[in-house]
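# Residue-level structural notes
Chain residues, written in single-letter form:
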Amino acid sequence: MKFAYKFSNLLGAVYRHGNLSFSKDGNSVISPVGNRISVFDLKNNKSETLPVSTQKNIACVGLSPDGNLAILVDEDGAVVLVSLITRAELYHHHFHKPVSSVCFSPDGRKFVVTKENVALMYHAPGKNREFNAFALDKSYYGPYDETTCIDWTEDSKCFAVGSKDMTTWVFGAERWANLIYYSLGGHKDVIVGCFFEKGSLDLYTVSRDGTLCVWESDTELDGLRKGPKYSERKKMAEERKRRTEAEVDEEDEIVEVMGEDGEPRGEVIRGSEHAPEEVEGVRNVRYKQKSKHFFNKEGDFNNLTAAAFHKSTHILVTGFASGAFYLHELPEFDLIHSLSISDQRISAIAMNPTGDWIGFGCSGLGQLLVWEWQSESYVFKQQGHFNNMATLAYSPDGQYLATGGDDGKVKVWNCSSGLCFVTFQEHRSSVTGVAFTGSGTVVLSSSLDGTVRAFDLHRYRNFRTMTSPRPTQFSSLAADVSGELVCAGSQDSFEIFLWSMQTGRLLEVLSGHEGPVSCLCFSPVQSVLASVSWDKTVRLWDMRDSWQTRELLRLNSDGLAVTYRPDGQELAVATLDGEITFWNPQAATQIASIVGRHDLQMGRKETEKITAKQSAKGKAFTCLCYSADGESMLAGGHSKFVCIYNIKEQILMKKFEISCNMSLDAMEEFLDRRKMTEFGSLALVDEGAGDGDGVELSLPGVKRGDMSSRHFKPEIRVSSLHFSPTGRSWAAASTEGLLIYSLDTSLVFDPYDLDMDVTPVSIRHQLKKKEWASAIVLAFRLNETGLIREVLESVPYDQTELVSSSLPDVYVEKLLDFVASSLEKSRHLQFYLTWAQSLLTLHGQKLKNRSSAILPTIQQLLKSIQRHHDDLSKLCDWNIYTIRYASALSKQRGVKRTATDPLVEVKADGAEVMDSEDEEEDMMSDPVVVED
């Protein structure tokens with residue numbers, strides 16, 4: 001068993017907080033999910049989470065115009081520069097203050113960051129390797145309150161900054177003589193968005209109260225003039241002062257910030273309420289309000305929360321706190337479309353470069369939508385679990401993942417695409433357990449609402465609902481291998497209920513436990529059910545002998561989790577004292593135990609008064625899972641770590657850190673003493689800021705927000721673990737979402753029976769001699785993936801069966817495992833299918849004798865074949881339809897028509913036009929049958 005598992009993807013969450021961005025080609029949308037970034041490919045219907053993360057939740061993302069770089073800024077102002085090509089972190093920076101927005105200039109040479117009431121302009125990282133990738137160019141002061149938004153002109157000469165002080169400031173990115181800064185008022189609420197018109201200095205500003213102001217400039221972009229240097233401007237000011245005997249306002253000058261060594265360190269542009277004085281011969285840029293429009297014409301007040309403007313199509317998209325959004329064409333303000341996507345506030349809006357697709361993010365629901373406004377249809381619609389994810393299960397072929405959450409929803413995810421394709425919402429309370437039947441076409445779920453439901457993955461419906469005679473809350477769920485028996489454990493009546501899957505009838509109520517039943521598990525090879533309870537016992541129930549207790553295993557502490565090894569010959573139990581005990585279910589004897597309490601390495605909550613070391617003494621593993629080969633054990637609990645143990649040696653092999661997000665609670669071992677005061681921790685102080693939506697209330701003394709809402713930090717924990725049946729990956733349901741860890745074979749060098757003669761040169765020499773079997777054996781002894789693929793694909797197609805028959809038995813399993821993994825991604829579908837068929841046909845009996853060892857390989861092979869079968873079936877169905885249509889159309893066009901035919905209209909140029917309805921009727925009269 002190798003432990004080269006690396007973070008692969010993040011499922012279960014598609015959007016949390018921050019701004020959305022489209023890629024340069026417009027085919028992908030980039031969404032911040034907690035402290036990570038997910039890229040959703042809308043063309044290929046796939047998702048990918050970058051293997052980079054910030055220290056806290058991401059607040060805003062800036063994407064370079066060429067789509068190669070991304071600037072990730074978290075809640076505290078820490079910055080990570082990421083390459084979207086190599087998926088690597090390039091540079092770290094810290095602004096030491098929360099950042100509201102970041103935006104690159106259209107030419108990609110600079111970017112502006114707004115924090116508090118300051119706009120900072122930096123030189124963008126170039127292609128040269130620099131020690132300091134962020135070089136400050138200028139600092140712009142003007143707004144009296146926090147800044148909210150940024151927009152650049154098309155030629156990168158100027159940019160506008162919106163503020164909470166209800167003003168918009170226009171700054172020159174260079175030293176222009178006629179535009180240093182300009183302040184625009186006219187609004188009565190916070191500025192949500194400011195947008196330049198294409199190829200112009202004309203500006204649109206949108207405020208939170210639903211007001212749009214159209215500003216017209218008296219100067220074009222090419223009318224901007226270079227300004228004099230500071231020394232020249234100072235001489236001109238002194239000369240003008242002597243000539244006019246008037247004072248010059250010192251706040252309207254450009255001040256160079258000098259370092260201790262006398263060298264300039266940047267420029268600071270300071271603004272005032274008055275416009276800068278004009279340079280002789282150059283007239284300053286001036287704005288006037290051309291028109292003013294209001295969104296809330298019906299009188300129902302909705303806060304405008306997000307806005308986006310596409311400059312080429314002149315379309316303005318605005319989102320509101322009620323979940324509605326509007327499309328207007330500017331500058332006439334003509335309403336194009338209006339729709340409500342939910343009852344939650346729209347947090348972010350983005351438009352792709354062509355202006356056809358609009359992306360919406362709802363942080364309240366964790367929802368991400370991409371809407372095509374011309375056809376009025378969804379391009380992409382995904383939503384994660386609203387609350388914590390409680391449980392997960394893999395399908396038998398490893399192709400799908402089912403998850404259940406505290407929001408009462410059951411979601412099924414495609415492991416290949418990383419997207420959810422069906423959501424079941426029938427439960428009325430938290431889902432506590434999910435499971436697949438042996439066929440993989442039915443998903444079972446238990447809930448605290450007292451029901452166990454069965455969902456059909458073919459028709460996407462709830463076809464069976466199983467309940468107990470008396471209302472009870474089900475805390476655990478299990479189904480046998482055949483899928484005929486379904487059982488659920490109760491947490492209040494301490495009973496186990498057993499149903500028939502075919503009829504839905506309650507078969508038996510198993511009594512005997514004296515505490516809540518915490519976990520259930522069926523044996524994979526026998527009709528035996530294992531149940532663990534808080535009464536410090538594990539009971540083995542025989543399903544074939546009147547459902548009586550077969551064995552009773554005594555534990556030293558309360559039982560929390562139980563699981564069978566894939567071959568059914570071993571049982572693992574996690575208890576409250578932090579131990580994992582291993583039992584022989586046939587002899588009912590304990591084989592081994594692992595003390596893992598200290599391996600959890602608990603963090604300290606901000607509200608706890610005891611240290612993390614003392615707190616860890618009362619913690620334990622809450623979920624267990626065997627690896628696919630049964631040699632290792634995954635264990636997780638209320639911690640940010642997942643431990644993997646070698647069962648035979650009883651040692652800790654590796655610890656996986658689920659998250660490094662400091663926005664979650666219980667992440668740090670030691671608390672910050674600066675937050676501790678004589679009155680207690682500052683974390684216990686509720687600032688009462690409300691929900692942050694700015695909802696106006698009529699209560700006296702309440703300025704904004706819902707005073708019933710409270711801000712809290714979710715605690716990091718792992719609620720469920722599951723290994724893929726293929727053994728190539730494992731999943732963890734955590735506070736961060738559904739984390740997938742895959743086996744990275746490209747970085748593992750694991751030679752087998754290696755000696756001095758096994759080299760790439762000798763392997764290629766065997767290929768030239770056409771010694772195919774010998775070359776394959778040598779390649780597997782060296783065990784380099786690229787070399788094995790090269791050798792295997794060099795074997796002639798007609799030699800496949802002969803080479804397969806001459807391979808030693810130990811290399812047959814290795815080759816079959818390689819074929820199964822290659823078939824999943826390779827384009828040579830028929831080639832690898834031929835290899836799989838030859839190996840299974842010639843060595844089937846020998847492989848069957850070792851079925852338990854090669855079961856993950858067979859399941860991975862089935863998963864790959866099933867996925868290719870589904871893709872090819874859809875493609876063939878579409879091709880058959882296209883061929884029939886083309887054949888019918890060519891046959892119809894071959895029928896000769898005359899000018900006297902009433903169905904034909906003859907134009908002046910002699911062209912014939914047939915009535916569309918008659919043409920369709922004639923086409924369908926003679927169907928064309930195409931054999932598959």
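Residues numbered from 1 in each chain as written. Predicted model: local features only at pLDDT ≥ 70, side-chain atom pairs only at ≥ 80, totals over all residues. Heavy atoms only, no water.

All right, on to the nonpolar core then. For soluble globular proteins, the rule of thumb is that nonpolar side chains tend to be buried together. Core analysis: the biggest nonpolar cluster contains 34 residues, and Ile 776, Leu 792, Leu 815 and Trp 835 have the highest contact counts within it. Secondary-structure elements contributing two or more residues to this core are helix H3 (760–768), helix H4 (772–782), helix H5 (785–794), helix H7 (809–823), helix H8 (829–842) and helix H10 (851–893). In contact with Ile 776, other than residues within four places in its own chain, are Val 791, Leu 792, Val 795, Val 803, Leu 807 and Trp 835. (Core = buried A, V, L, I, M, F, W, Y, C linked by side-chain atoms within 4.5 Å. Buried < 20%, exposed > 50% of the residue type's maximum accessible area, 1.4 Å probe, protein only. Helix = DSSP H or I, 4+ residues; strand = E, 2+ residues; numbered from the N terminus. Contact = heavy atoms within 4.5 Å.)

Turning to the sheet that holds strand E40 (residues 474–479), a few remarks are in order. Overall, antiparallel pairing links the 4 strands, which are arranged E40-E41-E42-E43 in an open sheet. Strand pairing shows two members of the sheet lacking a second neighbour, E40 and strand E43 (506–510), which therefore form its edges. Recorded for the sheet is a direction-independent mean angle of 20° between the axes of neighbouring strands. Summarising the sheet, E40 and strand E41 (residues 485–490) pair through 5 bridges and their orientation is antiparallel. Bridge pairing in E41 links Ser 476 to Gly 489. (Pairing = 2+ DSSP bridges. Axes fitted to C-alpha atoms, helices over the stretch in contact; angles between N-to-C directions.)

Right, let's talk about a nonpolar patch on the surface for a bit. Together, Trp 878, Tyr 881 and Tyr 885 make up an exposed nonpolar region whose accessible area comes to about 400 Å². Counting through the fold element by element, Tyr 881 comes out in helix H10. (Patch = residues over 30% accessible without salt bridge, like charges linked within 9 Å, V, L, I, M, F, W, Y side chains within 5 Å. Areas by Shrake-Rupley, 256 points an atom, 1.4 Å probe, with all protein chains shown as cover. Salt bridge = Lys/Arg side-chain N within 4 Å of Asp/Glu carboxyl O.)

Moving on, we get to H5. Taken together, the buried positions of H5 are occupied by Leu 787, Ile 788, Val 791 and Leu 792. All buried residues of H5 project into a common sector of 130° when viewed along the axis, lining one side. Its buried side turned inward, H5 meets H3, H4, H7 and H8. (Arc of directions from axis to C-beta.)

Looking now at the sheet that holds strand E31 (residues 377–383). On the basis of which strands lie adjacent, the open sheet formed by 4 strands has the order E28-E29-E30-E31 and antiparallel pairing. Looking at the sheet topology across the chains shown, the edges are occupied by strand E28 (348–351) and E31. This sheet shows a mean twist of 15° between the axes of neighbouring strands, independent of strand direction. Alignment of strand E30 (residues 367–372) against E31, held across 6 bridges, turns out to be antiparallel.

Moving on, we come to the pattern of salt bridges. Summed over the entire model, instances satisfying the criterion amount to 19 salt bridges. For Glu 48, the salt bridge goes to Arg 87, with nearest N and O atoms at 2.9 Å. Linking Glu 48 in strand E5 (residues 46–49) with Arg 87 in the loop between strand E8 (78–83) and strand E9 (88–94), this pair joins segments that are 39 residues apart in sequence. A salt bridge links Lys 157 to Asp 155; the shortest N-O distance between them is 3.8 Å. Residue class for Asp 155 comes out partly exposed when judged on its relative accessible area of 29%. One salt-bridge network, in which partners are shared between bridges, spans Lys 110, Asp 137 and Lys 138.

Turning to unusual backbone geometry, a few remarks are in order. For the bond from Leu 330 to Pro 331, the omega torsion is 5°, close enough to zero to count as cis. For Glu 376, which is not a glycine, the phi torsion comes out positive at approximately 55°. Its place among the elements puts Glu 376 in the loop between E30 and E31. Unlike most non-glycine residues, Lys 536 shows phi in positive territory, near 70°. Mapping Lys 536 onto the fold places it in the loop between strand E45 (528–533) and strand E46 (537–542).

Before going further, it helps to spend a moment on H7. Because an α-helix packs 3.6 residues into every turn, residues spaced three or four apart end up facing the same way. Spanning 15 residues, H7 covers 21 Å between terminal C-alpha atoms, matching the ideal 21 Å at 1.5 Å per step. Within H7, burial applies to Tyr 811, Val 812, Leu 815, Leu 816, Phe 818, Val 819, Ala 820, Ser 822 and Leu 823. (Expected span 1.5 Å × (residues − 1).)

The next thing to look at is the packing of H5 against H8. One way to put it is that H5 packs onto H8 with a least axis distance of 11 Å and a crossing angle of 85°. Taken as axis vectors, H5 and H8 run roughly perpendicular relative to one another. Counted together, Arg 789, Leu 792 and Glu 793 of H5 and Phe 831, Tyr 832 and Trp 835 of H8 form the full contact between these two elements. Of the residues contributing to the contact of H5 with H8, the split by class is 4 nonpolar, no polar and 2 charged. (Parallel < 35°, antiparallel > 145°, perpendicular 65-115°, else oblique. Nonpolar A, V, L, I, M, F, W, Y, C, P; charged D, E, K, R; others polar.)

Okay, the environment of Gly 440 next. The residue Gly 440 is located in the loop between strand E36 (431–436) and strand E37 (442–447) in this model. Using a relative accessible area of 15% as the deciding quantity, one classes Gly 440 as buried. Residues in contact with Gly 440, not counting those within four places in the same chain, are Pro 396 and Leu 457.

Before going further, it helps to spend a moment on the confidence of the model for the protein. Mean pLDDT over the protein stands at 82; residues scoring 70 or higher make up 82%. Note on residues 688–699: pLDDT is under 50 here. Beyond four places in sequence and across chains, it has 23 contacts. Note on residues 896–932: pLDDT under 50 across the span, and 35 contacts to partners over four residues away in sequence or across chains. (pLDDT = per-residue confidence, 0-100.)

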